[in-house]
Amino acid sequence: MIVQKKVNAQRSPWLSVVFFRNLPTYLLLLLTSVMWILPTLALLVSSFRPQDKIANTGWWTFSFSEFTLANYQAVFAANNLGLAFVNSLYLTIPATVLTIAVASLAAYAFSWMRFSGSNLIFTVLVALSIVPIQMSLGPILKLMSALHLTGRFEAVWIFHAGIGLPFAIFLMRNFFSALPKEMFESAYLDGASPLVAFFRLALPTSVPALASLAIFQFMWVWNDLLVALIFLGGTPSVAVLPVAISYLVGQYGDGWQLLTAAAFISMALPLLLFFTMQRYFVQGILAGSVKG
Amino acid sequence: MLEKLVLAFLIPVLIVGGLLFYLYLGEALIARLPRSRQGAIRPWIWLSPALLLLVVIMVWPLLQSFVASFQHVTGDAVTGPFVGIQNYITAFTDPQMLGSMVNNLYWIVFFTGVTVCGGLALAVLVNRVKYGGPVKTILFMPMAISFVATGVIWRFMYAYRPEDAPQIGTLNAVVTGLFHIPPVAWIFQQPGNNLALIVVGVWMFTGFCLVILNAGLRSLPEEVHEAARVDGATEWQVFSRITVPLLAPTISVVATTMVINALKMFDIVYVMTAGNFGTDVIANQIYKQLYSSRDLGMASTLAVILLVVIFPFMVQNVRRFHAQENR
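Residues numbered from 1 in each chain as written. Chains lettered and ligands numbered in written order. Predicted model: local features only at pLDDT ≥ 70, side-chain atom pairs only at ≥ 80, totals over all residues. Heavy atoms only, no water.

1. Some thoughts on the environment of asparagine 56 of chain A
Part 1 of the reasoning: Its place among the elements puts asparagine 56 of chain A in helix H3 (residues 51-56).
Part 2 of the reasoning: Along the backbone, asparagine 56 of chain A and asparagine 87 of chain A are 31 residues apart, and their C-alpha atoms lie at a distance of 34 Å. (Helix = DSSP H or I, 4+ residues; strand = E, 2+ residues; numbered from the N terminus.)

2. Some details on the UniProt feature "domain: ABC transmembrane type-1" (unreviewed entry) in chain B
Part 1 of the reasoning: UniProt annotation of "domain: ABC transmembrane type-1" (unreviewed entry) refers to residues 101-315 of chain B when read in the numbering used here.
Part 2 of the reasoning: Between the end C-alpha atoms of residues 101-315 of chain B the distance is 22 Å, and the span holds 74% helix and 0% strand. (UniProt positions renumbered as here; feature names shortened; annotations may be inferred.)

3. Section: the UniProt feature "transmembrane region" (unreviewed entry) in chain B
All names here are of chain B.
Part 1 of the reasoning: According to UniProt, the "transmembrane region" (unreviewed entry) feature falls on residues 6-24, 44-63, 105-126, 138-157, 169-188, 195-217, 242-263 and 296-315.
Part 2 of the reasoning: Here residues 6-24 runs as 100% helix and 0% strand, with 27 Å between its end C-alpha atoms.
Part 3 of the reasoning: Along residues 242-263 the backbone is 100% helical and 0% strand, and the end-to-end C-alpha distance reaches 31 Å.

4. Digging into the interface of chain B and chain A
Where interface size is quoted, it is often the accessible area lost as the parts come together.
Part 1 of the reasoning: Contacts between the two partners involve 106 residues from chain B, matched on the other side by 114 residues from chain A.
Part 2 of the reasoning: In total, about 10000 Å² of surface goes out of reach between chain B and chain A, with carbon and sulfur atoms giving 80% of it.
Part 3 of the reasoning: Taken together, the links from chain B to chain A amount to 0 salt bridges.
Part 4 of the reasoning: Counting across the interface, chain B meets chain A through 12 residue pairs in polar contact (both at pLDDT 80 or more).
Part 5 of the reasoning: At 20 residues, helix H2 (residues 35-68) of chain B tops the list of elements feeding residues into the side of chain B that touches chain A.
Part 6 of the reasoning: When the residues that make up the side of chain B that touches chain A are grouped by side-chain class, the tally is 82 nonpolar, 13 polar and 11 charged. (Contact = heavy atoms within 4.5 Å. Buried area = accessible area lost by both parts, 1.4 Å probe. Salt bridge = Lys/Arg side-chain N within 4 Å of Asp/Glu carboxyl O. Polar contact = N/O pair within 3.5 Å; in protein donor to acceptor, adjacent residues only side chain to side chain. Nonpolar A, V, L, I, M, F, W, Y, C, P; charged D, E, K, R; others polar.)

5. A few points about the domain arrangement of chain A
Residues and elements named next belong to chain A.
Part 1 of the reasoning: Segmenting chain A into domains produces domain 1 (2-69) and domain 2 (78-285).
Part 2 of the reasoning: For domain 1 versus domain 2, the separation of C-alpha centres amounts to 34 Å.
Part 3 of the reasoning: Domain 1 puts 7 residues into the contact, and the matching count from domain 2 is 7 residues.
Part 4 of the reasoning: Summed over the shared surface of domain 1 and domain 2, the result is 0 salt bridges.
Part 5 of the reasoning: At the level of elements, helix H2 (17-47) and H3 are the ones that each hand at least two residues to the side of domain 1 that touches domain 2.
Part 6 of the reasoning: If you tally residues by element for the side of domain 1 that touches domain 2, the top one is H2, at 5 residues.
Part 7 of the reasoning: A class-by-class count of the residues in the side of domain 1 that touches domain 2 yields 3 nonpolar, 4 polar and no charged. (Domains from an automatic or database assignment.)

6. Focus on the environment of valine 83 of chain B
Residue and element names in this part refer to chain B.
Part 1 of the reasoning: When you line up the elements, valine 83 lands in the loop between H2 and helix H3 (86-93).
Part 2 of the reasoning: Since its relative accessible area comes to 32%, valine 83 is described here as partly exposed.
Part 3 of the reasoning: The spacing of valine 83 and serine 69 is 14 residues in sequence and 9.0 Å in space, taken between C-alpha atoms.
Part 4 of the reasoning: For valine 83, the residues in contact, after removing those within four places along its chain, are Phe70, Gln71 and His72. (Buried < 20%, exposed > 50% of the residue type's maximum accessible area, 1.4 Å probe, protein only.)

7. Considerations on helix H11 (residues 207-223) of chain A
Part 1 of the reasoning: Under the 1.5 Å per step criterion, the end-to-end length of H11 of chain A is 24 Å for 17 residues, consistent within 8% with the ideal 24 Å.
Part 2 of the reasoning: In terms of burial, H11 of chain A is a largely internal element, 13 of the 17 residues being buried. (Expected span 1.5 Å × (residues − 1).)

8. A closer look at a nonpolar patch on the surface
All names here are of chain B.
Part 1 of the reasoning: A cluster of nonpolar side chains, contributed by Phe66, Val67, Phe70, Phe82, Ile85 and Ile89, occupies part of the molecular surface with about 550 Å² of accessible area.
Part 2 of the reasoning: Within the secondary structure layout, phenylalanine 82 lies in the loop between H2 and H3.
Part 3 of the reasoning: Since its relative accessible area comes to 59%, phenylalanine 82 is described here as exposed. (Patch = residues over 30% accessible without salt bridge, like charges linked within 9 Å, V, L, I, M, F, W, Y side chains within 5 Å. Areas by Shrake-Rupley, 256 points an atom, 1.4 Å probe, with all protein chains shown as cover.)

9. Here's the deal with the packing of aromatic side chains
Part 1 of the reasoning: According to the stated counting rule, one finds 44 aromatic pairs over all chains in the structure shown.
Part 2 of the reasoning: Plain terms: the ring middles of phenylalanine 198 of chain A and tryptophan 46 of chain B are 5.0 Å apart, the flat faces sit at 90° to each other, and that makes the pair edge-to-face. In this pair, phenylalanine 198 of chain A sits in helix H10 (residues 194-205) while tryptophan 46 of chain B sits in helix H2, so the two residues belong to two different chains.
Part 3 of the reasoning: For tryptophan 46 of chain B, a relative accessible area of 0% puts it in the buried group.
Part 4 of the reasoning: Their ring planes at 20° and their centres at 5.2 Å tell us that phenylalanine 266 of chain B and tyrosine 270 of chain B sit as a pair that is stacked. In this pair, the class of phenylalanine 266 of chain B matches that of tyrosine 270 of chain B, namely buried.
Part 5 of the reasoning: Taken together through their ring pairs, the aromatic side chains of Tyr108, Trp112, Phe176, Phe184, Phe198 and Phe199 of chain A together with Trp46 of chain B make up a single cluster.
Part 6 of the reasoning: Above the plane of the ring of phenylalanine 122 of chain A lies arginine 173 of chain A, whose end atom (NZ or CZ) is 4.4 Å from the centre.
Part 7 of the reasoning: Residue placement shows arginine 279 of chain A over the ring face of tyrosine 280 of chain A; its charged tip is 4.7 Å from the ring centre. (Phe/Tyr/Trp six-rings, centres within 6.5 Å; stacked < 30°, edge-to-face > 60°. Lys NZ or Arg CZ within 6 Å of the ring centre and 35° of its normal.)

10. Regarding the UniProt feature "transmembrane region" (unreviewed entry) in chain A
Part 1 of the reasoning: When the UniProt feature table is mapped to this numbering, "transmembrane region" (unreviewed entry) covers residues 23-45, 89-110, 117-135, 155-176, 197-220, 226-249 and 256-277 of chain A.
Part 2 of the reasoning: From the first C-alpha to the last, residues 197-220 of chain A spans 30 Å; its make-up is 96% helix and 0% strand.

Quick look at the structure:
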């Protein structure tokens, strides 16, 4: 049977029995793909249409003669989207680096050092990784306002690092533990300190893990609305992209010319990352499976 | 603005530098200790930044929420008088909060059902064709889009115009143009609007299920499937009697993740309807209690209820972890 399949595949595949047997599968996958890409495509097309066209005709009537960048200019000029973009960078990059740096130290201790309580702490960590962040919001909000940290990015970096840690440590530990034991043993025999082993051996060999964690955490923080909304509030000077857009939605309701462009500005960087580093992103998801 | 942009790249350098300094300092201090003690103290130096953050951001608030859930805490107060289980009674009797819990049940059933079953079906189909890669990418792409942008995308899909006006929303164009029935106010009409929101969640998370289930599928031994086919099993029999049982552990991981997502769902509801028109969910209620009503006691109670529901999954998560470790 297997042999027969191969022969079929080598002969003209378009007219083979296999092709016709698989035809429903092809059609179903094609249909699903179209359905999945259609919503985003509709918005992208609309973001390049003039205001009166968006409001009065369907996006499927788009013709290249009406192509315009006016919507993008409008949101950048009038709605501080440029500032929100910079705010998002200012929020996301430090938060991501802080999480990964702290997590890799802890993960290294969990994988290559022996100490009492190691198992217990790690078990708690696994349990914490699915605690809903809503548990932390109330008390931390009070704590931050007592410390006069609300509306400040420091508060959000720390918060994101805290809630991202269980997953990040879990992921990094999985990668570190998979490294060959002999590598570390021979390094220690040669007189290397844990510091040297960490920086010369563990980190360089875990670049894929670091990359996948970085992309994961970056997207998580970049796309987050709830935490930014609660700790930073909506003041334009500190509003990040999701917050700015949710305000646009509230303010303009159906002001599609602004919403479509704003949504794409917020999607640009994550989508770029997604398409260029998809492999690492998938790796991270597969290694972790559960993100809090 | 420029200053912030520079800082966005400078502060990470400072963070890494600070941690390096801390680590070198710690190692230098350890080096002065007798060798026998070094091994016992070193792990704690490497762990303490993480432990400090975890205790402050996760463990302490967890305990704090438990305590506050039995208190009446409003306004700027950090603590208040104990009221016993009053908050819990309110949570389970107030029609609005009860409604949001019922909506979370809808989310659990339909969102989990469709994402997992759809993801599984697609994972099997994608494996059978040569060009599965692009399909996976397209379905997975919504994972990179924020909930807020997704909200905008789908509000546009659901956009509603009166019957005589030209429709600009894709779905209503299909409904009016193809089926010749009046346009539907998808996200405003109860009870269907909850399903309309769940469709958005399905759009976002089916790709996630697909990717994980597909990876699980590829790790299964192909010979078992071939053997069954040689023995004359139909494709459906192979799927239901061999693939699904073998894949059960992965399916359970994915289903668990989706149930937790359904319970925590906030952003989609917040952006699409702000919880109006009977679409409120628990996470959205917590936000409202915290921000609009400024009632920390009530918000904590809802958070504790959420945690209690999630607790069995936590236990299962830990069990699975230990089973994997001991293998």
